[in-house]
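Next come the chains, spelled out residue by residue.
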Amino acid sequence: MGKYFGTDGFRGEANVTLTVDHAYKTGRFLGWYYGQNKSQDECNVVIGKDTRRSSYMFEYALAAGITASGANAYLLHVTTTPSVSYVVRSDDFDCGIMISASHNPYYDNGIKLLNGKGEKMDEQTILKIEEYLDGNIDELPLAKRENIGRTVDYALGRNRYIGYLISLATRSYKNVRVGLDCANGSAWMLAKNVFDTLGAKTYVIACNPDGTNINKNCGSTHIKQLQKLVRDEHLDIGFAFDGDADRCIAVDENGNVVDGDLILYIYSVYLKGRDKLVNNTVVTTVMSNFGLYKALDEAGINYEKTKVGDKYVYENMVKGGHRIGGEQSGHIIFSKYATTGDGILTAIKVMEVMQESKQPLSKLVAPVTIYPQVLKNVRVKSKPETLSDADVQAAIDAVADELADTGRILVRESGTEPVIRVMVEAKDENLCNELTDRVISVIEKKGYVC
């Protein structure tokens, strides 16, 4: 993990921990780095942004840095993270940048970097950028005269992405009543365009961004508004996206939440029933619900678990050649169609399963029993020392033995804080709390808590 760039880019409060200077220097480095080995063709970088007020500021800072290094900056303007990924790989850009802090509040922002394949940028390149940000690399040469780069309006790329999504639908959505929560973010125009074109009767909320209302009581992390919309308007289904639309959470016709785990289940079962589930395997993170694994076992589907983060899910999928993977939070990756999580694509795939199976979403998810989950964070002096303690390990093992095949315990380090996360899933929430507290009490008694 880098100093600035985590598993999902450089994220922080705008003009506090993530500044215009950071953006300019990131652009400077990328324009120089990808341009230095191009003897004839110009280096081209594509940039997208979400609806945060600070996104415009960072867009121009990045573009200034890129063009100052002699590369060209192509501007998609307000668009989704997966659309940037699509444009990078389909239009042969050297790399791509998305300006977004995803599901964070409006005053945060982020810089997500994608390589020429539309995948998250490799760690070695990111570490070089961080060295430059810290002043550990000599100042880069500035382009002069005709070698100074250009900025180019590239809304055309965003429009082609919309066409691509529409092409993936297997049937018309005529007579289907669909609710869309666009989180006042990147999907605010795109999602409705896609569903309207496919013939759906759309009911849209959180589609009036003002620069400060992205994710505010809406979107995939605040699902109650969409649940109410589906119930009040008697809709067939609802979809909620996050700020940059790489996540999707669904709501069934009864107003019940269908999260990423349930989406993974219904699509993997759908593929298996058509002999199209490559390797008969789904990729999840360790945070997927115990109930998902029980249901996959019952369906005869294999699964692999990765660290938390869609980056790790995708790496596993590439390594193993798997087709479907994702997170409980709604990051779902369909590797046949995309290299990142894509909220609108996920909605299209859920619609496909419903239409081809001729079943409502509630019936499709019925075989899965989601187990109550309790997660508690413990601030500790030393994460490695805490987890290596014999008594702590004994307490964890005792809980695992007690649960056996009726639940599970997961104890892991936070990747960004001095915190140990203790999570228990069982059939009863009271039991989850009791077992979680049992392990935490040992951590406290051993003096690791700070």
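Everything here concerns the structure above.
All values reported here derive from a predicted model rather than from experimental measurement.

Asker: Account for the pairing of strand β5 (residues 95-99), with residues named and values stated.
Answerer: Of all 5 residues in β5, 5 are buried; the element is thus mostly enclosed. Residues Cys 95, Ile 97 and Ile 99 point to one face of β5 and Gly 96 and Met 98 to the other, with burial holding for every one of them. Bridging between strand β3 (residues 44-49) and β5 involves 5 bridges; their strand directions are parallel. Bridged to Val 45 within β5 is Cys 95. Pairing analysis gives 4 bridges linking β5 to strand β6 (residues 108-114), with the strands arranged antiparallel. Each bridged residue has a counterpart across the sheet, and for Ile 99 the counterpart in β6 is Ile 111.

Asker: With reference to specific residues and values, describe the nonpolar core.
Answerer: Membership of the largest hydrophobic core comes to 67 residues, with the highest contact counts inside it found for Tyr 173, Val 178, Phe 195, Phe 239, Phe 241, Ile 344 and Leu 361. Residues in contact with Leu 361, not counting those within four places in the same chain, are Ile 237, Ala 250, Val 251, Asp 252, Glu 253, Val 258, Ile 266, Val 350 and Met 354. Ala 14, Ala 61, Leu 113 and Ile 129 belong to the second-largest nonpolar core, a separate cluster that totals 31 residues.

Asker: I'd like a rundown of the state of the cysteines, residues and numbers included.
Answerer: Here, the word disulfide means a covalent bond between the sulfur atoms of two cysteines. Enumeration according to the criterion identifies 0 disulfides in this entry. We note that Cys 218 lacks a disulfide partner, and the nearest cysteine sulfur, in Cys 182, lies 9.4 Å from it.

Asker: Can you explain the packing of helix α1 (residues 20-35) against helix α2 (residues 53-68)? Please cite residues and give values.
Answerer: Contact geometry of α1 with α2 gives a least axis separation of 7 Å together with a crossing angle of 35°. α1 and α2 meet at a crossing whose hand is right-handed. Touching Val 20, Ala 23, Tyr 24, Thr 26, Gly 27, Arg 28 and Gly 31 of α1 are Met 57, Phe 58, Ala 61, Leu 62, Ala 64, Gly 65, Ile 66 and Ala 68, all from α2. A class-by-class count of the residues in the contact of α1 with α2 yields 10 nonpolar, 4 polar and 1 charged.

Asker: How would you sum up a positive patch on the surface? Please name residues and give values.
Answerer: There is a patch of like positive charges on the surface, built from Arg 274, Lys 276, Arg 323 and Lys 336. As for its placement among the helices and strands, Lys 276 is situated in the loop between α8 (260-273) and β13 (281-285).

Asker: Provide a residue-level description of the side chain of Lys 49, including the pertinent values.
Answerer: Residue position: Lys 49 is located in strand β3. Among the residues examined, Lys 49 registers a relative accessible area of 2% and is labelled buried. In terms of polar contacts, Lys 49 uses its side chain to reach the side chain of Glu 59, at 3.0 Å. When near neighbours in sequence (up to four residues on either side) are disregarded, Lys 49 contacts Ser 55, Tyr 56, Glu 59, His 77, Val 78, Thr 79, Met 98, Ile 99 and Ser 186.

Asker: Would you mind going over the sheet that holds strand β14 (residues 302-306) in detail, with residue names and values included?
Answerer: The strand order across the open sheet built from 4 strands is β14-β13-β15-β16, with neighbouring strands paired in mixed fashion. Where the open sheet ends on each side, the last strands, each with one partner, are β14 and β16 (332-334). Strand-to-strand twist of the sheet, defined as the mean angle between neighbouring strand axes without regard to direction, takes the value 20°. Where strand β15 (residues 324-326) lies against β16, 3 bridges are found, and the strand directions are antiparallel. Note on β16: the bridge partner recorded for Ile 324 is Phe 334.

About the cut-offs
- Residues numbered from 1 in each chain as written.
- Predicted model: local features only at pLDDT ≥ 70, side-chain atom pairs only at ≥ 80, totals over all residues.
- Heavy atoms only, no water.
- Buried < 20%, exposed > 50% of the residue type's maximum accessible area, 1.4 Å probe, protein only.
- Helix = DSSP H or I, 4+ residues; strand = E, 2+ residues; numbered from the N terminus.
- Pairing = 2+ DSSP bridges.
- Core = buried A, V, L, I, M, F, W, Y, C linked by side-chain atoms within 4.5 Å.
- Contact = heavy atoms within 4.5 Å.
- Disulfide = S-S within 2.5 Å.
- Axes fitted to C-alpha atoms, helices over the stretch in contact; angles between N-to-C directions.
- Left-handed = near helix turned anticlockwise from the far one by under 90°.
- Nonpolar A, V, L, I, M, F, W, Y, C, P; charged D, E, K, R; others polar.
- Patch = residues over 30% accessible without salt bridge, like charges linked within 9 Å, V, L, I, M, F, W, Y side chains within 5 Å.
- Areas by Shrake-Rupley, 256 points an atom, 1.4 Å probe, with all protein chains shown as cover.
- Salt bridge = Lys/Arg side-chain N within 4 Å of Asp/Glu carboxyl O.
- Lys, Arg positive; Asp, Glu negative; His and termini not counted.
- Charge placed at Lys NZ, Arg CZ, Asp CG, Glu CD.
- Polar contact = N/O pair within 3.5 Å; in protein donor to acceptor, adjacent residues only side chain to side chain.

What is shown is where atoms sit, not what they do.
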